[in-house]
Amino acid sequence: MARALCKLQPELIKDDDNDSNSSKPKSVENFPTSRELTNLMNKDLMRELRNNLGYRAHYILKFARKIERGELNIQFLEEAPWEQVYKLLMKNKGFGPFVCANVLACIGFYHKVPADTETIRHLQEAHSMKSNRKTVGKDVKEVYDQYAPFQSLAYWFELLGGYESKFGKLSELDNSKYDFVTATRKPSPFLRKQ
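Residues numbered from 1 in each chain as written. Predicted model: local features only at pLDDT ≥ 70, side-chain atom pairs only at ≥ 80, totals over all residues. Heavy atoms only, no water.

The name given to the protein chain in an unreviewed UniProt entry is ENDO3c domain-containing protein, and the organism recorded there is Citrus sinensis.

Asks: When you look at the overall build of the protein chain in this model, what are you seeing that I'm missing?
Replies: Across its full length, the protein chain holds 11 helices and 0 strands. For the protein chain, the sequential pattern of α-helices and β-strands runs α-α-α-α-α-α-α-α-α-α-α. For the protein chain, with 194 residues in total, the buried portion stands at 35%. Considering only intrachain contacts with a sequence separation of at least 6, the fraction spanning at least 24 residues in the protein chain is 45%. Working note: accessible area of the protein chain is about 12400 Å², and carbon and sulfur atoms make up 53% of it. (Helix = DSSP H or I, 4+ residues; strand = E, 2+ residues; numbered from the N terminus. Buried < 20%, exposed > 50% of the residue type's maximum accessible area, 1.4 Å probe, protein only. Contact = heavy atoms within 4.5 Å. Areas by Shrake-Rupley, 256 points an atom, 1.4 Å probe, with all protein chains shown as cover.)

Asks: Looking at this model, I keep getting lost on helix α8 (residues 117–127). Mind explaining?
Replies: For the α-helix, the turn length of 3.6 residues means that residues three or four positions removed from each other point alike. Residues of α8 that are buried: Glu118, Thr119, Ile120, Arg121, His122 and Leu123. Considering only its buried residues, α8 is in contact with α9 (136–144), α10 (151–167) and α11 (178–181). Two or three places before Glu118, at the opening of α8, Asp116 has a side-chain oxygen 3.1 Å from that residue's backbone nitrogen. A positive backbone phi angle near 50° is found at Ser128, which sits one or two residues after α8. (Polar contact = N/O pair within 3.5 Å; in protein donor to acceptor, adjacent residues only side chain to side chain.)

Asks: I keep staring at the pattern of salt bridges and nothing clicks. Help me out?
Replies: Pairing is possible between side chains of opposite charge, provided their charged atoms come close. Tallied over the entire structure, the rule returns 6 salt bridges. Among the ionic pairs, Glu71 bridges to Arg69, the shortest N-O distance being 2.7 Å. Judged by relative accessible area, Arg69 falls into the exposed class, the value being 54%. Arg121 is paired through a salt bridge with Glu118; the nearest N and O atoms lie 2.7 Å apart. Of the two residues, Arg121 and Glu118 both sit in helix α8, 3 residues apart, roughly one turn of that helix. (Salt bridge = Lys/Arg side-chain N within 4 Å of Asp/Glu carboxyl O.)

Asks: Looking at this structure, how should I read a nonpolar patch on the surface?
Replies: A contiguous nonpolar surface patch, about 280 Å² in accessible area, is contributed by Tyr147, Phe150 and Leu153. With respect to the helices and strands, the residue Tyr147 is situated in the loop between α9 and α10. Tyr147 sits in the partly exposed class, given a relative accessible area of 37%. (Patch = residues over 30% accessible without salt bridge, like charges linked within 9 Å, V, L, I, M, F, W, Y side chains within 5 Å.)

Asks: Help me understand the layout of surface pockets, please; the structure alone is not making it clear to me.
Replies: Picture a little ball the size of a water molecule; that probe, rolled over the atoms, points out where space is still empty. In this model, the second largest pocket occupies a volume close to 370 Å³. Within the residue set of the lining of the second largest pocket, elements represented by two or more residues are α6 (82–90), α7 (97–106) and α9. Top contributing element to the lining of the second largest pocket by residue count: α9, with 5 residues. Of the residues assigned to the lining of the second largest pocket, the class counts are 10 nonpolar, 3 polar and 3 charged. (1 Å grid on protein atoms, 1.4 Å probe; cavity = no way out; pocket = protein on both sides within 12 Å on 5 of 7 lines; lining within 4 Å. Points joined across faces, edges and corners; volume = space filled by probe spheres on them. Nonpolar A, V, L, I, M, F, W, Y, C, P; charged D, E, K, R; others polar.)

Asks: When you look at the nonpolar core in this model, what are you seeing that I'm missing?
Replies: Grouped burial of nonpolar side chains is what soluble globular proteins tend to show. Core analysis: the biggest nonpolar cluster contains 16 residues, and Leu123, Val140, Tyr144 and Val181 have the highest contact counts within it. Counting residues per element, the ones that place at least two in this core are α8, α9 and α10. Formed by 13 residues, the second largest nonpolar core is a distinct cluster that contains Trp82, Phe95, Leu104 and Phe109. (Core = buried A, V, L, I, M, F, W, Y, C linked by side-chain atoms within 4.5 Å.)

Asks: I would appreciate a short explanation of unusual backbone geometry in the present structure.
Replies: Excluding glycine, most residues fall at negative phi; most peptide bonds, likewise, are trans. Cis geometry is adopted by the peptide bond preceding Pro149, which originates at Ala148 and carries an omega value of 5°. Within the fold, Pro149 resides in the loop between α9 and α10. Although it is not a glycine, Ser128 sits at a positive phi angle of roughly 50°. On the accessibility criterion, Ser128 (65% relative accessible area) is exposed.

Asks: I keep staring at the side chain of Glu118 and nothing clicks. Help me out?
Replies: By relative accessible area, Glu118 is classed as buried at 11%. Side chain to side chain, Glu118 and Arg121 meet in a polar contact 2.7 Å long.

Laid out in C-alpha cells, this is it:
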C-alpha cells in the first residue's frame, strides 16, 4: 500500500494547483501528504488508488480529509501519550488494531505489535507457540512485553532476521519476490538461502 501511494504522489503533485511552493522535486516519489490526497480529483488516479488499495482507499482519504479540515491534530498525535493516540486512532472507521499499531510505529510509538496472520506464523515458527487469531494478542504480550517500550521494534527485528536467515539479505532480494518472503505464497526452492 505504501508503495502504491508513493507511486501516485508525483501525479498528485501535478493535480495540486495550489501547491506551487512545494519544495519536493516533481519527479521523485514520496509518501503523499494529506493535502495531496484530499486534492485527488483526477478520476484515473482515483481508480488507480482504489485498484491498489482496495476498500482501504476510502478510509485513507477520509482520514486525510479529517487532517486537512483540522478535525485531527497531527501535532497531538506526535506528542500525546501513546495510549491516547491509540484510542483516538481506533475511533476512525477502517482503523483496527493492526493499522493503529502500524501508525503508532510510524510516529515513534513502538508499544504495540501489529498482529496479523504473519505474526501468528512467526510466533508458531520462532517461539513454538500454538498462536491463533484468538490468542495472538496475549502471545505477543508474553513474548515482547519484556522489550517495553520497544515491543514493535523487537518484533520487526526478530521477524526480519528470520526472513533473512531463510532468504538472504532482503536488501538484495528483488521486490517481485517479497510475497514469497512473507508467506503470501509458498516459497520456491530457488529462493532458499544456500
